[in-house]
Amino acid sequence: MLELRDIHVSYGHVPALRGVSLTVEKGEIVALIGANGAGKSTTLRAIQGIMAPLKGNIYWNGEDITNLAPHKVVGKGIAHCPEGRQIFPSMTVMENLKMGAIAIPNADQDKETLEYVLSLFPRLEERKAQMAGSLSGGEQQMLAIGRALMASPKLLMLDEPSMGLAPLLVESIFEMIKDINVKGISVLLVEQNAYMALETSTRGYVIENGEITLSGRSVELIHHTHVQEAYLGI
């Protein structure tokens, strides 16, 4: 479905990704874990077309999308929920959601997707006329995920969805990720809460200093000595 081959990305003269290769297959939840500055968010930005790789290729269902513009990547079926939510605070909840559907030409599909998003996040239904900037942190995260889902993606990329949330809300967000995946949407999950990410995912990758250093089934990674010492506090 998604394949990165030997991706190199730099910020100016500073290397951020050094030969990153990974895959996400249909129906999977794949976790990408690592410390701050390891290259997790940069990987998602490269996939989305926001950062241009200096070297390497990105394939989507066998098609090379390495240099595709971000809006065209969305049109292919890849949606990105960025770190920090990045909602439009001066727009209503409903206006924010509709912004996520700009790439969808089919109005009927747009309506159907909206119904699904509001059923997944009933709180958004209750607050659909409210300004997004007045929502709580958890509600804003729901809105950011819902906006990404409005693009009817086949792959949803989530960047730190639990950041800044209370423990009960974190559990709720991860349950929602599982629900989204059950609907047939593959998920690439970037998350500093390594335990929750590996508990939720099928497979995982560990990225350190811009390089993939470990990969495998999540159930195996969660018992790996280095992962336990570096990311699980064991």
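All of these numbers come straight from a predicted model, not from anything done at the bench.

**Comments concerning the overall build of the protein**
Here comes step 1: When helices and strands are counted, the protein shows 10 helices and 10 strands.
Here comes step 2: Radius of gyration (C-alpha) of the protein: 17 Å, near the 17 Å computed for a compact globule of 234 residues.
Here comes step 3: When its C-alpha atoms are laid out on the principal axes, the protein stretches across 45 × 40 × 30 Å.
Here comes step 4: When each of the 234 residues of the protein is scored for burial, the buried share is 51%.
Here comes step 5: Of all intrachain contacts in the protein linking residues separated by at least 6 positions in sequence, the fraction that spans at least 24 positions is 69%.

**Brief notes about the sheet that holds strand β1 (residues 2-11)**
Here comes step 1: Reading across the sheet, the four strands line up as β2-β1-β4-β5 and stay open at both edges, with antiparallel pairing between neighbours. The strands lining the two open edges of the sheet, one partner per strand, are β2 (14-24) and β5 (63-64).
Here comes step 2: Here two bridges tie strand β4 (residues 55-60) to β5, and the two strands are oriented antiparallel to one another. Within β5, the residue paired with Tyr-59 across the bridge is Asp-64.
Here comes step 3: The sheet contacts of helix α1 (residues 40-48) involve β1, β2 and β4, and relative to β1 the element is tilted by about 110°.

**Examining unusual backbone geometry**
Here comes step 1: Phi at Asp-6 is positive, roughly 55°, even though this residue is not glycine.
Here comes step 2: Position of Asp-6 among the secondary structure elements: in strand β1.
Here comes step 3: With phi around 50°, Ser-152 is a residue other than glycine that occupies positive phi space.
Here comes step 4: Secondary-structure assignment places Ser-152 in the loop between α6 (137-149) and β7 (155-159).

**Observations concerning the layout of surface pockets**
Here comes step 1: Of the pockets and cavities examined, the largest pocket occupies roughly 610 Å³.
Here comes step 2: Val-74, His-80, Met-99, Gly-100 and Arg-147 are the residues nearest the centre of the largest pocket, which is lined by 23 residues in total.
Here comes step 3: Going through the elements one at a time, α1, α2 (70-76), β6 (78-81) and α6 are the ones with two or more residues in the lining of the largest pocket.
Here comes step 4: Empty space within the second largest pocket amounts to approximately 200 Å³.

Analysis parameters
- Residue numbers here run from 1 along each chain, matching the order of that chain's written sequence.
- Under the rules for a predicted model, residues below a pLDDT of 70 receive no local features and side-chain atom pairs below 80 are neither given nor counted, while totals for whole chains, interfaces and linings still include all residues.
- Side-chain figures throughout are based on the complete set of non-hydrogen atoms in the structure, without hydrogens or water.
- Under the DSSP-based scheme used, a helix requires at least four consecutive residues in state H or I and a strand at least two consecutive residues in state E, with every element numbered from the N terminus.
- The globule rule is 2.2 Å times the number of residues to the power 0.38, and the radius of gyration it is compared with is taken over C-alpha atoms.
- Relative accessibility thresholds used throughout: buried, under 20% of the residue-type maximum; exposed, over 50%; partly exposed, between the two (1.4 Å probe, protein chains only).
- For this analysis, residues touch if any pair of their heavy atoms sits within 4.5 Å.
- Think of it this way: DSSP has to see at least two bridges between two strands before they count as a pair.
- Note on geometry: axes are C-alpha line fits, over the in-contact stretch for helices, and angles between N-to-C directions span 0 to 180 degrees.
- Definitions used for this entry: grid spacing 1 Å over protein atoms alone; cavity, a set of points where a 1.4 Å probe fits but cannot get out; pocket, an open set with protein on both sides within 12 Å along at least 5 of 7 lines; lining residue, one with an atom within 4 Å of a point.
- Grid points are joined across faces, edges and corners, and a volume is the space filled by probe spheres set on the points.

Keep in mind these values describe shape, not function.
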